[in-house]
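In case you want the letters, here they are:
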Amino acid sequence: MSAVDVLEMLAMLGMAVLALISSVFYGISNLLYSLVPKKFRVKNIEGQVVLVTGGGSGIGRLLCVKLAKRGARIVTWDVNEAGNEETMTQVRAAGGQCYIYTVDLSDRHAVYAAATKVKQEVGKVDILINNAGIVTGKNFMEAPDELIQKTFDVNILSHFWTTKAFLGDMISSNKGHIVTIASVAGLAGVNKLADYCASKFAAVGFDESLRLELKVGGYTGVKTTAICPYYINTGMFEGVKSKLIPILSPEYVSDEIVDAILLDYYDLVLPRFCRYLILLKYILPFDGAYKLYKACGGHLTMSEFQGRSKPEEKPNGLEDKLLDKKSMA
Ligand SMILES: NC(=O)c1ccc[n+]([C@@H]2O[C@H](COP(=O)([O-])OP(=O)(O)OC[C@H]3O[C@@H](n4cnc5c(N)ncnc54)[C@H](O)[C@@H]3O)[C@@H](O)[C@H]2O)c1
């Protein structure tokens, strides 16, 4: 190793130590900042355009209504036209403006076409919330290939198309926000959720990489936030049972997401203590962590899963189409 290499190594080591010391400073300043009342810390989104994918139901709809109450102009994209219309009714009842588009997020060309329409008809999107999601909820070998594919199309690939469509304008003005609705299942694996977990792990990685890319590029005005909630009783995970961690209410989760957006959080894990529970999987040996998973009933949460079993509740009737195909064959 040459003297130059040694000097470079020492300089890098010095910078790494300084970075660690600065983390203590950031920790303390964040703590002090959190003591300032929330109303002085939240950003003003009045008149801003917020686009919510999957705004026709559950968390997406609640976000539309709550962000409209803060003065945002709402755009919802959903494959469920009736769901979108109900959201528009609720946003208008709350005194807001709402634009609805029937879009199948698993179709990249449909996403780009809808994005062009939104830019022409509504304007620049200031906050993009990638919220739409689906779940197969079957043991790995029983999950039909088409549903696995669809899960990735909706839960992660669509984030690439929507973000590509709207990020350019945000970068040009160095102002905007990309919100990823991921899941605790994007931080820890769960049996019977291989495709769902893999797509949510991807969503978490997408958010983190995008944030780093924006920071490295100097676009500090464009924020990103990853939201990782535990099970919520919206109907998407109908039938799940949870012994230790309470199933969350949509009201609570949507309130927390609104705060996370308005306060420019980098990420949010709900309930908050799950962040520390997940750390255990990196600290404990796998067999110990597995015993803990079983002791907490983690292995049984999905055993009575039904999901959105009624046809009208399914986002795209894909499973029915698959069954139809099978019965025709
Ligand atoms: N419900 C939970 O337990 C839970 C937990 C953690 C994370 N999440 C995530 O939160 C988000 C919202 O979930 P939710 O509980 O409100 O579910 P939901 O089923 O009520 O809402 C999902 C929405 O996405 C829409 N959608 C599905 N496929 C689509 C497609 N191809 N194109 C356009 N829209 C489509 C649906 O029509 C629906 O309106 C999802 O990303 C989900 O993975 C949910």
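Source: prediction; values computed, not measured. (Residues numbered from 1 in each chain as written. Predicted model: local features only at pLDDT ≥ 70, side-chain atom pairs only at ≥ 80, totals over all residues.)

Some thoughts on the overall build of the protein chain
Thinking step 1. Within the protein chain, the secondary structure is distributed over 11 helices and 7 strands.
Thinking step 2. For 329 residues, the compact-globule formula gives about 20 Å, and the C-alpha radius of gyration of the protein chain, at 21 Å, lands near that figure.
Thinking step 3. Expressed along its principal axes, the backbone C-alpha trace of the protein chain runs to roughly 75 × 50 × 45 Å.
Thinking step 4. Taking all 329 residues of the protein chain together, 37% fall into the buried category.
Thinking step 5. Counting only contacts in the protein chain whose residues sit at least 6 apart along the sequence, the fraction spanning at least 24 positions is 70%. (Helix = DSSP H or I, 4+ residues; strand = E, 2+ residues; numbered from the N terminus. Rg over C-alpha atoms; globule rule 2.2 N^0.38 Å. Buried ≥ 20, exposed ≤ 12 C-beta atoms within 10 Å, placed from the backbone. Contact = placed C-beta atoms within 7 Å.)

Overview of the packing of helix α3 (residues 58–69) against helix α4 (residues 81–93)
Thinking step 1. The geometry of α3 relative to α4 is characterised by a closest axis approach of 9 Å and an angle of 25° between their N-to-C directions. Considered as vectors, α3 and α4 are oriented roughly parallel to each other. Helix-helix and strand crossings are classified by hand; for α3 and α4 the assignment is right-handed. Of the residues in α4, those in contact with Arg61, Cys64, Val65 and Ala68 of α3 are Thr87, Gln90 and Val91. (Axes fitted to C-alpha atoms, helices over the stretch in contact; angles between N-to-C directions. Parallel < 35°, antiparallel > 145°, perpendicular 65-115°, else oblique. Left-handed = near helix turned anticlockwise from the far one by under 90°.)

Remarks on the pairing of strand β2 (residues 73–78)
Thinking step 1. Within β2, 6 of the 6 residues are buried, leaving the element largely enclosed by the surrounding structure.
Thinking step 2. Of the pairings in the sheet, the one linking strand β1 (residues 49–53) to β2 comprises 5 bridges and is parallel in character. Within β2, the residue paired with Val52 across the bridge is Thr76.
Thinking step 3. As for the winding sense of the linkage, the β-α-β connection from β1 through α3 to β2 is right-handed.
Thinking step 4. Note: β2 against strand β3 (residues 97–102), 6 bridges, orientation parallel. Bridge pairing in β3 links Thr76 to Ile100.
Thinking step 5. With α4 bridging β2 and the parallel β3, this β-α-β connection has right-handed handedness. (Pairing = 2+ DSSP bridges. Right-handed = clockwise from strand over helix to strand, strands pointing away.)

Notes on the UniProt feature "transmembrane region" (unreviewed entry) in the protein chain
Thinking step 1. Residues given the UniProt feature "transmembrane region" (unreviewed entry) here are residues 12–33.
Thinking step 2. A distance of 31 Å separates the end C-alpha atoms of residues 12–33, which is 100% helix and 0% strand. (UniProt positions renumbered as here; feature names shortened; annotations may be inferred.)

Quick word on the sheet that holds β2
Thinking step 1. Overall, parallel pairing links the 7 strands, which are arranged β3-β2-β1-β4-β5-β6-β7 in an open sheet. Because the sheet does not close on itself, it has two edges, and the strands there are β3 and β7 (267–270). Taking each pair of neighbouring strands and ignoring which way they run, the sheet shows an average axis angle of 15°.
Thinking step 2. Note that strand β5 (residues 176–181) and strand β6 (residues 222–229) share 6 bridges and pair parallel. Paired with Gly176 across the strands is Val222, a residue of β6.
Thinking step 3. Strand contacts of α4: β2 and β3, with the helix running at about 175° to β3, the strand carrying the most contacts.
Thinking step 4. Of the strands in this sheet, β1, β2 and β3 are in contact with helix α5 (residues 108–121), which crosses β3 at around 155°.

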